[in-house]
Amino acid sequence: MKKYAFLSIAALFIIVLSACGSSDSEGGEDTSSSEGGSLLEQIKEEGVLTVGTEGTYAPYTFHDDNDELTGYDVEVAKEIGERMDVEVEFEETKWDSMFAGLNSERFDMIANQVGIQPDREEKYSFSEPYTYTSAVLVAKSDNEEIKSFDDLEGASSAQSLTSNYADIAKQYGAEIESVEGFTPAMELLNNDRVDATVNDRLSVLDYLNQKDGNSQVEIVDQEDDASETAMMFRQDNPELVEAVNDALEEMREDGTLEEISNEWFDEDVSVQ
């Protein structure tokens, strides 16, 4: 009996060792792709590309009179999805929590005029640029003290803390008043609670156009260098970035990107 018991234990021991050896062999490789597939493969399988956006940043991403999400970035993202043969689902979130939403995998991509910056490139991946715009300084029309970026020294400026426009305001010595997007920044400026805001030229022009000449604010200065904005992704998803770039390239070549741009801005903002 002891002999048979010993043989049984030995056989069990060998089986356990074999199982462990097999597990170690697979663990030496990155098995995440083989088990769950790449993010692009998952998107293709589910048929859905989830996109993070504000929904409050006209004319890029906002709600129209029928409360439908629309805008330049929304239309570009939808066209990308169509060319990838997947549906696009938008997850609306505030700007300052948008990167956290991407990190936590609430969505696969951000379409919200995200500027390409070196510090962001260390943490995220970007598509090819699809918008070229510039920063403008906005102040009250009757403010005689702020007429250029240099006048921001010691002045208060309404900015989203994590935006590249906040970085510009800080560089000129402004004291930052934190807001959660473009609209609150303009409200603070109109209500004399801040001296200025640094923001996107196209958004400001759209805002002034909506006011039809009745605005109390104006553009007082503009930076010459155009900033590049792109779709943003978590790192280590090169297949998805490539698929989006392929779609954008097709849109450039057949004129669709220019057409969408002209629809919203009466100019082609997709080229420098």
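Keep in mind that this is a model prediction, so the values were computed, not measured.

*Asks:* Tell me about the pairing of strand E1 (residues 48-53), and name the residues and values.
*Replies:* Counting buried residues along E1, 6 of its 6 residues qualify, which places the element largely inside the surrounding structure. Here E1 shows a buried face lined by Val48, Thr50 and Gly52 and a second buried face lined by Leu49, Val51 and Thr53. Relative to strand E4 (residues 87-92), E1 is paired through 6 bridges, and the arrangement is parallel. Counterpart to valine 48 in the pairing with E4 is glutamate 87. Across 2 bridges, E1 lies against strand E5 (residues 109-115) in parallel orientation. Within E5, the residue paired with valine 51 across the bridge is methionine 109.

*Asks:* With reference to specific residues and values, describe the nonpolar core.
*Replies:* Side chains of a nonpolar character, in soluble globular proteins, are inclined to be buried together. The biggest cluster of nonpolar side chains holds 58 residues, and the ones touching the most others in it are Val76 and Met231. In terms of residues, this core owes the most to one element, helix H10 (residues 238-253), which gives 7 residues. For valine 76, the contacting residues outside a window of four places in its chain are Tyr130, Met231, Leu248, Met251, Leu257 and Ile260.

*Asks:* Quick one: what's the story with the packing of helix H3 (residues 39-46) against H10, residue by residue and with numbers?
*Replies:* As a packed pair, H3 and H10 sit with axes 6 Å apart at the nearest point and diverge in direction by 65°. In contact with Leu39, Leu40 and Ile43 of H3, H10 contributes Glu239, Leu240 and Ala243. Here the contact of H3 with H10 is built from residues that sort into 5 nonpolar, no polar and 1 charged.

*Asks:* Kindly report on the packing of aromatic side chains, identifying the contributing residues and their values.
*Replies:* One pass over the structure, following the stated rule, counts 11 aromatic pairs. Here the aromatic rings of tyrosine 57 and tyrosine 60 are separated by 5.2 Å at their centres, their planes lie at 50°, and the arrangement is tilted. Each of the two residues, tyrosine 57 as well as tyrosine 60, counts as buried. Three or more aromatic residues link up through ring pairs in this structure, and these residues are Tyr57, Tyr60, Tyr72, Tyr130, Phe182, Tyr207 and Phe265.

*Asks:* Mind laying out the side chain of serine 157, listing which residues take part and the relevant values?
*Replies:* Relative to the helices and strands, serine 157 resides in strand E9 (residues 156-159). Classification of serine 157 as buried rests on a relative accessible area of 0%. Residue contacts for serine 157: discarding those within four places in its chain leaves Ala169, Ala174, Glu175, Ile176, Glu177, Ala196, Thr197 and Val198.

*Asks:* Describe the pattern of salt bridges, naming the residues involved and giving the relevant values.
*Replies:* One pass over the structure, following the stated rule, counts 8 salt bridges. For aspartate 192, the salt bridge goes to lysine 140, with nearest N and O atoms at 2.7 Å. With aspartate 192 in the loop between helix H8 (182-190) and strand E11 (196-200) and lysine 140 in strand E8 (residues 135-140), the pair connects residues that are 52 residues apart, well separated along the chain. Linking glutamate 218 and lysine 147 is a salt bridge whose minimum nitrogen-to-oxygen distance equals 3.6 Å. In this pair, glutamate 218 sits in strand E12 (residues 217-222) while lysine 147 sits in the loop between E8 and E9, placing the two residues 71 residues apart along the sequence. By relative accessible area, lysine 147 is classed as partly exposed at 32%. Through salt bridges with shared partners, one network takes in Glu79, Arg83, Glu250 and Asp254.

Analysis parameters
Residues numbered from 1 in each chain as written. Predicted model: local features only at pLDDT ≥ 70, side-chain atom pairs only at ≥ 80, totals over all residues. Heavy atoms only, no water. Buried < 20%, exposed > 50% of the residue type's maximum accessible area, 1.4 Å probe, protein only. Helix = DSSP H or I, 4+ residues; strand = E, 2+ residues; numbered from the N terminus. Pairing = 2+ DSSP bridges. Core = buried A, V, L, I, M, F, W, Y, C linked by side-chain atoms within 4.5 Å. Contact = heavy atoms within 4.5 Å. Axes fitted to C-alpha atoms, helices over the stretch in contact; angles between N-to-C directions. Nonpolar A, V, L, I, M, F, W, Y, C, P; charged D, E, K, R; others polar. Phe/Tyr/Trp six-rings, centres within 6.5 Å; stacked < 30°, edge-to-face > 60°. Salt bridge = Lys/Arg side-chain N within 4 Å of Asp/Glu carboxyl O.

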